[in-house]
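Analysis of the macromolecular model
One letter stands for each residue in the lines below.
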Amino acid sequence: GGGAAPRRPENYQDQQMQEMGGQGETSRALRTQDDTPPVSPLCIRIQVHAEGITEALLFHVDLLASAIRQAVMIKDHKSFLKVHPNTFRGQAAIEWLRGHAARALFGSEAEKEKNQQLSRSVALLLGQKLLAVGVFRQVTGSLTKPLEDPNALFRFHEDEKEGPLLNCRSIWFQNAREPLLVVSELLYTMLSLRLKYPDRDIRDLEELNNFTASAAELQLVNINDLSRIQLLAFFLNAYNLMVLHAHVVRGSVDGTDFKSQKIPFTRDNQYMIAAYNYSLAEIEERLFCRMLRAKFPKKSDKSRAPEPRVHFALSLGCASSARIRIYQPETLDEDLQQAAVEYLTTNAPKNRMRMQQQSQGGKRVQEVMLPKIFKWYKDDFGFSKQEILAYYASFMPSGMREELTEVARTNNFIIKYDKYDWNLHLGKACSEVVRQPGRQMITNAPNQTAGGGQQPAQFNNQQQVFTPSAHEIAGGQNRIMQPGEQGYVAPGGGTGGAGGGLDGYMC
């Protein structure tokens, strides 16, 4: 932009700190380029070029947000017959930022018209950055240029009582710790809260407020350096954490029929993770890769589910949902196997009673009852009823496994599906944490750095952790793997032959 080179009064630093509520020389909200400290998540840095001179401005986000809150009018605004509580007009914030930027850049010459134009451009850029880092969010107005819309309304995150971003009631300004440690601690805390207050609405408890403030750390975790195994463990924990947190925020009560709420629940409840907003539905997509798999020919190897056992690890808090565990990368294969065995063997007695011959068009066939998720996600477990039944049989106790395997081999059976209980049972979903054996936390692992830069020694060979399921080893053929055959998957998770790789376990 044009205009005179920036000029500031000698005491401007002290004036603007008083204006923004700051104190002390070490926490100035604005510094010159020569005195600029290292940029951190706490700061927004803007460079302004005027007549050959570049001026660098460094704004402390928390002080700036606090100053804007004091400058704008936060109240209930009405727009198109709808009332939006605790909102403010974006133009008011931009006007305050323009004046603040003008004084910072031009001092006594701030009121000149050409300087005012440059200051407004800086204010719009600064407002966009504040919007991007989540200090406030847009409620109404233009979708393309909301900060230039005079009627657009915004709301600070601390004024959000409801909303999809469950962990953004405040903004995390610190450097985040190792992501697996953060999500594991949060999940354990939420499970403990649910068990401590099983029949109480905890939305007004200080413990929940402290938890919500701590959950903001996920906004800035770095998941880019995680291996596929670590990502799988991270998102399993994050999914179950979001489910419990959303039920708490909604005030969900055990016994409520959840069936009609499932789709909006998984679509609308979100966490900001690594500066990206993830809904429950998006995490499911990342775990099962359904959109990616749909691009390949049906029943081809690349169209198979990466890890079907994930279905037995995710919980919506219903009576027929899986119990929630805390997953760690170094024991993930063992834990997924235990989760699958526990979930599926609960239906074993019912199957024993229904393993009776049924008449179908004069032909006697066997009837097998499977959990409903084998109907909803049947392609995740196999491409034929033989594959699906063989997969189910691999998790059953010895006697029943042989019986089901023989039924699958004859191919003389029909599959029926058990009724899914959609009633909420959060106490049951959280009960597993009491029985789960204590394990060493990630931060105590060898070679682990606080910033998560160096991986622990036990992660170096994570490619060998997983063992493939029977239908994956079979290479897509409609046949049953037998004990002793290369690639056979035993019920305990071990193989009778070669192990499998890990290339496809996360999108």
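For clarity, every value in this text was computed on a predicted model and none was experimentally measured. (Residues numbered from 1 in each chain as written. Predicted model: local features only at pLDDT ≥ 70, side-chain atom pairs only at ≥ 80, totals over all residues. Heavy atoms only, no water.)

1. Description of the overall build of the protein chain
Broken down by element type, the protein chain carries 19 helices and 11 strands. For the protein chain, the share of sequence-separated contacts (at least 6 apart) that also reach a separation of at least 24 residues comes to 67%. Entry remark: accessible area of the protein chain is about 23500 Å², with carbon and sulfur atoms responsible for 49%. (Helix = DSSP H or I, 4+ residues; strand = E, 2+ residues; numbered from the N terminus. Contact = heavy atoms within 4.5 Å. Areas by Shrake-Rupley, 256 points an atom, 1.4 Å probe, with all protein chains shown as cover.)

2. Considerations on the sheet that holds strand β5 (residues 136-140)
Sheet architecture is open: four strands sit in the order β3-β4-β6-β5, paired in antiparallel fashion. The two strands at the open ends of the sheet, each matched to only one other strand, are β3 (75-79) and β5. If you compare each strand with its neighbour and ignore which way they point, the axes differ by 55 degrees on average. Sheet topology note: the strand β4 (residues 82-89)/strand β6 (residues 153-156) ladder contains two bridges and is antiparallel. Bridge assignment links F88 to a residue of β6, and that residue is F154. On the sheet, helix α4 (residues 113-132) packs against β5 and β6 and is oriented at approximately 95 degrees with respect to β5. (Pairing = 2+ DSSP bridges. Axes fitted to C-alpha atoms, helices over the stretch in contact; angles between N-to-C directions.)

3. Some words on unusual backbone geometry
With a phi angle near 55 degrees, A274 is a residue other than glycine that sits in the positive phi range. Residue position: A274 is located in the loop between β7 (270-273) and β8 (276-279). Phi at N411 is positive, roughly 60 degrees, even though this residue is not glycine. Position of N411 relative to the elements: it lies in the loop between α16 (398-410) and β11 (413-417). By relative accessible area, N411 is classed as partly exposed at 37%. (Buried < 20%, exposed > 50% of the residue type's maximum accessible area, 1.4 Å probe, protein only.)

4. Observations concerning the pattern of salt bridges
According to the stated counting rule, one finds 16 salt bridges in the structure shown. For the salt bridge of E207 with K196, the shortest nitrogen-to-oxygen distance reads 3.1 Å. A residue pair is termed long-range when its members are at least 10 positions apart, and E207 in helix α6 (residues 206-215) and K196 in helix α5 (residues 179-196) qualify at 11 residues. The partly exposed category is assigned to E207, whose relative accessible area is 30%. Taking the relative accessible area as the measure of exposure, K196 reaches 52% and is therefore exposed. Because the salt bridges share partners, they merge into one network encompassing R177, E185 and E217. (Salt bridge = Lys/Arg side-chain N within 4 Å of Asp/Glu carboxyl O.)

5. Some points on the nonpolar core
Counting residues in hydrophobic clusters, the biggest one holds 85 residues, and the most contacted among them are F234, L236 and F374. In terms of residue count, the dominant contributor to this core is helix α7 (residues 228-250) (16 residues). Leave out the neighbours within four places in its chain, and F234 touches P179, L180, V183, L218, V221, I223, L226 and I273. By size, the runner-up hydrophobic cluster in this structure holds 33 residues, among which are A67, V122, L124 and A152. (Core = buried A, V, L, I, M, F, W, Y, C linked by side-chain atoms within 4.5 Å.)

6. A short note on the packing of aromatic side chains
Across all of its chains, the model carries 21 aromatic pairs by this definition. Ring centres of Y276 and Y278 lie 4.7 Å apart, and the angle between their planes is 70 degrees; on these two criteria the pair is classed as edge-to-face. Take Y278: its relative accessible area is 10%, and that puts it in the buried class. Taking NZ or CZ as reference, R69 lies 5.1 Å from the ring centre of F156, over its face. (Phe/Tyr/Trp six-rings, centres within 6.5 Å; stacked < 30°, edge-to-face > 60°. Lys NZ or Arg CZ within 6 Å of the ring centre and 35° of its normal.)

7. Points about the environment of A274
Residue classification places A274 among the partly exposed residues on the basis of a relative accessible area of 27%. Counting along the chain gives 56 residues from A274 to L218, while the straight-line C-alpha distance between them is 6.5 Å.

8. Quick look at the packing of α5 against α7
The contact between α5 and α7 brings their axes to 9 Å, and the two run at 35 degrees. Handedness of the α5/α7 crossing: left-handed. Only Q230, A233, F234, N237, A238, N240, L241, L244, H245 and V248 of α7 make contact with α5, whose side of the interface consists of P179, L180, V183, S184, L186, L187, M190, L191 and R194. Its residues assigned to classes, the contact of α5 with α7 shows 13 nonpolar, five polar and one charged. (Left-handed = near helix turned anticlockwise from the far one by under 90°. Nonpolar A, V, L, I, M, F, W, Y, C, P; charged D, E, K, R; others polar.)

9. Looking at α4
The terminal C-alpha atoms of α4 lie 29 Å apart, and with 20 residues this matches the ideal 28 Å at 1.5 Å per residue to within 8%. Among all positions of α4, only N115, Q116, L118, S119, V122, A123, L124, L126, G127 and L130 are buried. (Expected span 1.5 Å × (residues − 1).)

10. Brief notes about the environment of A65
Looking at where A65 falls in the secondary structure, it is placed in helix α2 (residues 61-71). By relative accessible area, A65 is classed as buried at 10%. A sequence separation of 71 residues divides A65 from F136, and the C-alpha atoms of the two residues are 8.8 Å apart. Once residues lying within four places of it in the same chain are set aside, the contact partners of A65 are V135 and F156.

11. As for the pairing of β7
On β7, burial covers both faces: Q270 and M272 on one face and Y271 and I273 on the other are all buried. The antiparallel pairing of β7 with β8 creates a hairpin that spans two residues between the two strands, and A274 there sits at a positive phi of about 55 degrees.

12. Examining the confidence of the model for the protein chain
Predicted confidence across the protein chain gives a mean pLDDT of 75, with 72% of residues reaching 70 or more. α7 holds the highest mean pLDDT among the elements of the protein chain, 94, whereas helix α19 (residues 470-473) holds the lowest, 33. This model gives residues 1-41 a pLDDT under 50, and the stretch forms 94 contacts once residues within four places in sequence are excluded. Predicted confidence for residues 435-504 stays below pLDDT 50, and this span has 142 contacts to residues more than four positions away or in other chains. (pLDDT = per-residue confidence, 0-100.)

13. Comments concerning the packing of α5 against α6
Axis separation between α5 and α6 bottoms out at 11 Å; the angle between their running directions is 165 degrees. With respect to α6, the element α5 is oriented roughly antiparallel. Both α5 and α6 take part in a crossing whose hand is left-handed. Side by side, α5 and α6 meet where L186, T189, M190, L193 and K196 of the first sit next to E207, L208, F211, S214 and A215 of the second. Looking at side-chain class alone, the contact of α5 with α6 contains six nonpolar, two polar and two charged residues. (Parallel < 35°, antiparallel > 145°, perpendicular 65-115°, else oblique.)

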